[in-house]
Amino acid sequence: MHTPSDAGVDPVAVTAALVGAARDRGARVGYEAADVALRTETGRVTGVDTAAGFRPARVVVLAAGTGVVELAAPLGTALPVVGSPARLLRLAAPPGLVRSVVAGPDFEVREVSAGRLLLTRTRADDETAVAGLRAAFEGEFQVLGSRVGVRPMPEGGPLIGPLTPDGSAYLAVAHSAVTLAPTVGRLVAAELATGQAAPELDRCRLPRT
């Protein structure tokens, strides 16, 4: 089946572009956030403790994928979010060999730049994945990198909204995060800036209603 409207992006490149754009607009970006934990005072979240020191905040947004479960636990909230592992391979291939998003029962592959492919697979090893790719396309492939990512799978769909009654902690976690990020980011930013709830997010709140 061919769906002309299907498209794909490189999630790492998109994340870097979004972070860079935020920095250009005045956001302060820090990558030293190891050993992160929420700090609370009299039941209110006041910021984030990290290995590099305390980061105070009026509102802390938890947008850490599967990491939100551990971060939210000290608040007494058990989030219904599980992890789904997927293998991610980056490959070199003849430019233009894969001209769209190709999804099959064993893998999904797309070209993210000329001669560079991104392949995802939910099972098996790298050799099996590449063998399946060679069976589907005529060309030579070279594995440039391989890693396993753990995708957050919130029960019932995205979870977005205040995590504490006072709104000092805010949750944003979804499975299709790259696809939804522009819309979710816009709606969350508006909620936090204006204090007005976005009706588009009504079905994403905790607890589920």
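What comes next concerns the included structure. (Residues numbered from 1 in each chain as written. Predicted model: local features only at pLDDT ≥ 70, side-chain atom pairs only at ≥ 80, totals over all residues. Heavy atoms only, no water.)

What about the nonpolar core?
Generally speaking, nonpolar side chains in soluble globular proteins are found buried as a group. Note the following rule: Side-chain atoms within 4.5 Å link the members of a nonpolar core, which is a set of buried Ala, Val, Leu, Ile, Met, Phe, Trp, Tyr and Cys residues. To sort residues, take the accessible area from a 1.4 Å probe on protein chains only and compare it with the maximum for the residue type: under 20% means buried, over 50% means exposed, and anything in between is partly exposed. Numbering of helices and strands runs from the N terminus; a helix is a DSSP stretch of H or I covering at least four residues, while a strand is a stretch of E covering at least two. Should any heavy atoms of two residues lie within 4.5 Å, those residues are considered in contact.
Among the nonpolar cores identified, the biggest contains 15 residues, and Leu62, Val68, Leu79, Leu163 and Leu171 are the most heavily contacted of them. Of all elements in the fold, only strand E2 (44-50), strand E4 (60-62), helix H2 (68-72) and strand E11 (169-173) reach the threshold of two or more residues within this core. Contacts of leucine 171, omitting those with residues within four sequence positions, involve Leu62, Val68, Leu79, Leu159, Ile160, Gly161, Leu163 and Leu206. Counting residues in each nonpolar core, the second largest holds 13 residues, with Val109, Ala129, Val130 and Phe137 among its members.

Topic: the sheet that holds E11
Strand-to-strand pairing in sheets goes through backbone hydrogen bonds, with the strands running parallel or antiparallel. The criterion, for reference: Two strands pair under a simple rule: DSSP has to find at least two bridges between them. Under this scheme, a helix contributes an axis fitted over its contacting stretch, all axes are lines through C-alpha atoms, and angles between N-to-C directions fall in the 0 to 180 degree range.
Taken in spatial order, the 3 strands of this open sheet run E4-E11-E10, and their pairing is mixed. Each of the sheet's edge strands pairs with one partner strand only, and the pair in question is E4 and strand E10 (159-162). For this sheet, the mean inter-axis angle between neighbouring strands, taken without regard to orientation, is 20°. Pairing between E10 and E11: 4 bridges, direction antiparallel. Bridge pairing in E11 links proline 162 to tyrosine 170. Its contacts with the sheet put helix H4 (residues 177-194) on E4, E10 and E11, and the angle it makes with E11 is roughly 170°.

Regarding the side chain of glutamate 191
Quick note on the threshold: Polar contact is defined as a pair of N or O atoms within 3.5 Å, subject to the rule that within protein one atom must be able to donate a hydrogen and the other to accept it, and that residues adjacent in sequence are counted only when both atoms are side-chain atoms.
Its location among the elements puts glutamate 191 in helix H4. Residue glutamate 191 is classed as buried on the basis of its relative accessible area, which comes to 8%. Here arginine 205 takes part through its side chain, which lies 2.4 Å from a polar atom of the side chain of glutamate 191.

Considering helix H3 (residues 126-136)
Defined as follows: Note that the arc is computed from the directions linking the helix axis to the C-beta atoms.
Taken together, the buried positions of H3 are occupied by Ala129, Val130 and Leu133. Along the long axis of H3, the arc covered by the buried residues comes to 95°, so they all point the same way. Exposed and oriented more than 90 degrees from the buried face of H3 are Glu127 and Ala135. Considering only its buried residues, H3 is in contact with strand E5 (81-92), strand E7 (108-113), strand E8 (116-121) and strand E9 (142-154).

Quick notes on the pairing of E11
Of all the 5 residues making up E11, 5 are buried; the element is thus mostly covered by neighbouring parts of the structure. The alternating pattern of E11 places Ala169, Leu171 and Val173 and Tyr170 and Ala172 on opposite faces, both of which are buried. Of the strand pairs in this sheet, E4 and E11 are connected by 3 bridges, and their pairing is parallel. Considered in E11, the bridge of valine 60 is made with alanine 169. Between E10 and E11, which pair antiparallel in sequence order, lie 6 residues; one of them, glycine 167, sits at a positive phi of approximately 75°.

Section: the sheet that holds strand E3 (residues 53-56)
Ordered in space as E1-E2-E3, the 3 strands form an open sheet in which the pairing is antiparallel. Looking at the sheet topology across the chains shown, the edges are occupied by strand E1 (37-41) and E3. Taken pair by pair, the neighbouring strands of this sheet meet at an average axis angle of 35°, ignoring direction. The pairing of E1 with E2 spans 5 bridges and is classified as antiparallel. Bridge assignment links alanine 37 to a residue of E2, and that residue is aspartate 49.

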